[in-house]
Amino acid sequence: MGEITNVTEYQAIAKEKLPKMVYDYYASGAEDQWTLAENRNAFSRILFRPRILIDVSKIDMTTTVLGFKISMPIMIAPTAMQKMAHPDGEYATARAASSAGTIMTLSSWATSSVEEVASTGPGIRFFQLYVYKDRNVVAQLVRRAERAGFKAIALTVDTPRLGRREADIKNRFVLPPGLTLKNFEGLDLGKMDEANDSGLASYVAGQIDRTLSWKDVKWLQSITSMPILVKGVLTAEDARIAVQSGAAGIIVSNHGARQLDYVPSTIMALEEVVKGAQGRVPVFLDGGVRRGTDVFKALALGAAGIFIGRPVVFSLAADGEAGVRKVLQMLRDEFELTMALSGCRTLSEITRNHIVTEWDAPRGLPAPRL
């Protein structure tokens, strides 16, 4: 492996190393994959308005998320089945997050259990939840996460059915031999059967509850004291309802462009959701973040922090825990540099005026007289 100088370089290495079925599962998006490309492309349409001659000798990137202090506003998104990428799987990711002083979100469909991840040592961890038809399974899982010291639930709300991921259909995707969905092993839900299409799509159709609605967010609050982040919000309308339903925060996400194709990129949906939340809860973003400049742009548009998904599994495939550590370090270094060159010393100094987007009114012109 030559010197890795940016996050994106890990993808090609992962593609070389991984079986096609596994790489395709991680890399692909839904249908035409328009949103997959747009998640990245949209960032390049946001430009900087840097402020100069500001003393940037000291940069503070620390922040708090739901009251937990972290080293930077860059966190790890839930991604499923990490042992397909590397034998250490979620253990490696948990250690990398902890050593970087940031939050890891563990997927419901992890190949390591909540207890196993907790056993890696201290760290602030969130648990991503899929709601199964059998609510006893859900209640049990939430209890286990809470007992294992997880601090919040990230409730995925964009998956009543699995999006159409054509690579998985072609490859007849199924969990490789020797791996199980560890959180469900004892409940006889840890195995995925071979199917004529995607084994995961069939599993979701059989197990995940399509009736999930806002009343279930209330139900979830009644069975746990953990705060609930609603993950998968793309509109101001749903941001408002999320706040009314008692959500502690919102994650603007299109599921890595793996669910409904032709939804906007998350960075384009962000400002609308932030306005809908009216400052009542923090709004986070995932999807397409590959550079420190992307992190800055998200914060300038009102995000309280971002989560990275694919960069974690690709770096994990390439170099295990060291790969994930390096991704977090590179993003941290790039973000710190972007702050310095924009004239921002703390996160609170990053404002909407530090960026310009296509939909901004032209500056410096007199307002049109009507």
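Every value quoted in this text rests on a predicted model; they were computed, and no experiment measured them.

Right, let's talk about the packing of helix 1 (residues 9–17) against helix 13 (residues 310–342) for a bit. Relative orientation of the contacting elements helix 1 and helix 13 amounts to 170°, with a least axis distance of 10 Å. Considering the angle they form, helix 1 stands roughly antiparallel to helix 13. For the pair helix 1 and helix 13, contact is made by Tyr-10, Gln-11, Ile-13, Ala-14 and Lys-17 and by Phe-314, Ser-315, Ala-317, Ala-318, Gly-323, Lys-326, Val-327 and Met-330, respectively. Taken together, the residues that form the contact of helix 1 with helix 13 break down as 8 nonpolar, 3 polar and 2 charged.

Put simply, helix 10 (residues 236–244) and helix 11 (residues 266–277) touch, their axes get as near as 7 Å, and they point 35° apart. In this structure, helix 10 crosses over helix 11, and the sense of that crossing is right-handed. Packed against helix 10, whose contacting residues are Ala-236, Glu-237, Ala-239, Arg-240 and Val-243, the element helix 11 presents Glu-272, Val-273, Gly-276 and Ala-277 at the interface. Broken down by class, the residue content of the contact of helix 10 with helix 11 amounts to 5 nonpolar, 1 polar and 3 charged.

Within a regular strand, the side chains alternate between the two sheet faces. Taking every second residue as pointing to the same face, both faces of strand 10 (residues 283–286) are buried, with Val-283 and Leu-285 on one and Phe-284 and Asp-286 on the other. Here strand 9 (residues 249–252) runs beside strand 10; their pairing, made up of 3 bridges, is parallel. Looking across to strand 10, one finds that Ile-250 is bridged to Val-283. At this point the chain moves from strand 9, through helix 11, to the parallel strand 10, and the crossover so formed is right-handed. Sheet topology note: the strand 10/strand 11 (residues 305–308) ladder contains 3 bridges and is parallel. Of the residues in strand 11, the one forming a bridge with Asp-286 is Phe-307. Assessed by its sense of winding, the connection that carries the chain from strand 10 through helix 12 (residues 292–300) to strand 11 is right-handed.

Taking every second residue as pointing to the same face, both faces of strand 11 are buried, with Gly-305 and Phe-307 on one and Ile-306 and Ile-308 on the other. In this structure, strand 4 (residues 74–76) lies alongside strand 11, joined through 3 bridges in parallel fashion. Paired with Ile-76 across the strands is Ile-308, a residue of strand 11.

Inspection of helix 9 (residues 214–223) places Asp-216, Val-217 and Leu-220 among the buried residues, and these make up the whole buried set. When helix 9 is viewed along its axis, its buried side chains cluster within an angular range of 110° and face the same direction. Structural note: helix 9 exposes Lys-215 and Ser-222 on the side pointing more than 90 degrees away from its buried face. In this fold, the buried residues of helix 9 make contact with strand 6 (125–129), helix 6 (135–147), strand 7 (152–156) and strand 8 (228–233).

Structurally, Asn-6 can be placed in the segment before helix 1. Owing to a relative accessible area of 13%, Asn-6 belongs among the buried residues under this scheme. Of note is the side chain of Asn-6, whose polar atom sits 3.1 Å from the backbone nitrogen of Thr-8. One polar contact links the side chain of Asn-6 to the main-chain amide nitrogen of Glu-9, over a distance of 3.2 Å. If we skip the residues at most four places from it in the chain, Asn-6 touches Arg-291, Met-330 and Glu-334.

Once that is clear, we can look at the packing of aromatic side chains. This structure, assessed with the given rule, holds 9 aromatic pairs. When the ring of Tyr-23 is compared with that of Phe-314, the centres are 5.7 Å apart and the planes differ by 25°; the resulting orientation is stacked. Taken together, the residues span a long stretch of sequence, with Tyr-23 in helix 2 (residues 20–27) and Phe-314 in helix 13 at a distance of 291 residues. Both residues of the pair, Tyr-23 and Phe-314, belong to the buried class.

In this model helix 6 runs 18 Å from its N-terminal to its C-terminal C-alpha over 13 residues, within 8% of the 18 Å that 1.5 Å per residue would give. The complete set of buried residues in helix 6 reads Val-137, Val-138, Ala-139, Leu-141, Val-142, Arg-144 and Ala-145. Packing partners of the buried residues in helix 6 comprise helix 5 (114–118), strand 6, strand 7 and helix 9. Looking one or two places after helix 6, you find Gly-149, whose phi comes out positive at around 90°.

So, how was this worked out
- Throughout, residues of each chain are indexed from 1 in the direction in which the sequence is written.
- Residues qualify for local features only when their pLDDT is at least 70, as the model is predicted, and side-chain atom pairs are given and counted only at 80 or more; totals for whole chains, interfaces and linings, by contrast, use all residues.
- The basis for every side-chain value is the complete set of non-hydrogen atoms in the structure, without hydrogens or water.
- The axes are straight lines fitted to the C-alpha atoms, using for helices just the contacting stretch, and the angles between their N-to-C directions are given from 0 to 180°.
- To qualify as a helix, a DSSP run of H or I must reach at least 4 residues; to qualify as a strand, a run of E must reach at least 2; elements of each kind are numbered from the N terminus.
- Note that the term roughly parallel is reserved for angles under 35 degrees, roughly antiparallel for angles over 145, roughly perpendicular for angles of 65 to 115, and oblique for everything else.
- Residues are treated as being in contact if the distance between any of their heavy atoms lies within 4.5 Å.
- When residues are grouped by polarity, Ala, Val, Leu, Ile, Met, Phe, Trp, Tyr, Cys and Pro land in nonpolar, Asp, Glu, Lys and Arg in charged, and all others, Gly among them, in polar.
- Two helices that cross are described as forming a left-handed crossing if the nearer one is turned anticlockwise from the farther one by less than a right angle, and a right-handed crossing if clockwise.
- Partly exposed describes any residue whose relative accessible area lies between the buried limit of under 20% and the exposed limit of over 50%, with all areas from a 1.4 Å probe on protein chains only and scaled to the type maximum.
- Should DSSP find at least two bridges between two strands, the strands are taken to pair.
- Assignment of crossover handedness uses the view with strands pointing away from the viewer, where a clockwise path from the first strand over the helix to the second indicates a right-handed crossover.
- In this description, one arc is meant: the one made by directions from the helix axis to the C-beta atoms.
- Any N or O atom pair separated by 3.5 Å or less is treated as a polar contact, with the protein-specific requirement of one donor-capable and one acceptor-capable atom, and with residues adjacent in sequence counted only for side-chain atom pairs.
- Put simply, two rings from Phe, Tyr or Trp (the six-membered ring, in Trp's case) pair if the centres are within 6.5 Å, and we call them stacked under 30 degrees between planes, edge-to-face over 60, tilted for the rest.
- A helix is expected to span 1.5 Å multiplied by its residue count minus one.

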